[in-house]
Amino acid sequence: MKLDFFGYFPHICKNEIYLKIGIDNSDFYILFCNRIRTMNNVLNMYRTRIYKPTDKMSDLICENYALLQVLSRFGISLGFGDKNVREVCELNNVDCNTFLTVVNFLIEDSNRMEDHLEGISVSSLMNYLREAHSYFLDFQLPSIRKKLMEAIGDSKEKEVTFLILRFFDAYVDEVKKHMEHENENVFTYVEQLLRGEHPQGYNISVFASHHEHIDTKLTELKNIIIKYFPAGGNNRLLNATLFDIFSCEEDLASHNRVEDFLFVPAIKKLEKEAK
Ligand SMILES: [Fe+2]
Ligand SMILES: [Fe+2]
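Residues numbered from 1 in each chain as written. Chains lettered and ligands numbered in written order. Predicted model: local features only at pLDDT ≥ 70, side-chain atom pairs only at ≥ 80, totals over all residues.

I keep staring at the overall build of the protein chain and nothing clicks. Help me out?
Check the secondary structure of the protein chain and you find 10 helices and 4 strands. In the protein chain, which comprises 275 residues, the proportion classed as buried is 18%. Taking contacts inside the protein chain between residues at least 6 apart in sequence as the whole, the part at least 24 apart equals 67%. (Helix = DSSP H or I, 4+ residues; strand = E, 2+ residues; numbered from the N terminus. Buried ≥ 20, exposed ≤ 12 C-beta atoms within 10 Å, placed from the backbone. Contact = placed C-beta atoms within 7 Å.)

Set out below in structure tokens:
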């Protein structure tokens, strides 16, 4: 008997999901889930896996490649072989608990923070956020601008391309102001708290109430390019740039989530303890 399995792609028919297999050159469909919702629940179960210090670091990255950014912002280099999360963190002088807190928070759907704050290192989390700022300002946004320039270089409609670049530059200025404020004012305040000082006239709720979501304007830029970009540019490069913008938008939204739901509550806790 010859058995062939035709891959993971499910065949969906009337809300039922089948997997296709071949036996002796005939095709058979096996009922896998009787409701699409059941399939979604399976995927949700997978997504809510909680990583532990004893898990292999390579598994964590292979299962969620977006976590590569987290790794690099904690200063962890690749090439860790089969070492587990705790061993890799120790080798790189990274607080393992804070690293796993960020990882588990980012891969789950909800913004519950009460499970996450225990044992977190505020200075480690702050360094992570600082590195993220540097990544966006010194690498990701300049690289998107460079690609955008190349992609639109040959377009005849100079006015539209000029407006797109002007919009992008205005957006980068906003992000820069936002992140510089966090680096210079908010983080300086937190460093004072960590040194046991009690700065007057400021608390983290002031920051939290004015904290804007800087990914929104990038969504607008993406829509302008998709809807109005004139023909004649380099389409392959333009698509690649759009992919970068999509990924930067998600990355910025995750960055905001960490600030709103991990960083701010952690600082509120620190403020309470300092009183
Ligand atoms: Fe930030
Ligand atoms: Fe922010």
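Just checking my understanding: could you explain helix α7 (residues 158-194) for this structure?
In an α-helix there are 3.6 residues to a turn, and that puts residues three or four apart on one side. The end-to-end C-alpha distance of α7, which contains 37 residues, comes to 52 Å, matching closely the 54 Å that a straight helix rising 1.5 Å per residue would cover. Buried residues belonging to α7 abut α6 (122-152), α8 (204-210), α9 (216-228) and α10 (235-274). Positive phi appears at G196, one or two residues downstream of α7, with a value of about 90°. (Expected span 1.5 Å × (residues − 1).)

I keep staring at the environment of L218 and nothing clicks. Help me out?
Along the polypeptide, L218 turns up in helix α9. Among all residues touching L218, those that are not within four sequence positions of it are Y171, I245, C248, E249 and L252.

Teacher, can you tell me more about α10 here?
With 40 residues, α10 extends 56 Å from end C-alpha to end C-alpha; this agrees with the ideal 58 Å at 1.5 Å per step. The sharpest bend along α10 comes to roughly 30°, located at E259. Those residues of α10 not exposed but buried are T241, I245, C248, L252, H255, L262, F263, A266 and I267. Those residues of α10 that are buried are in contact with α5 (96-107), α6, α7, α8 and α9. (Bend = angle between axes of the 7 residues up to and from the residue.)

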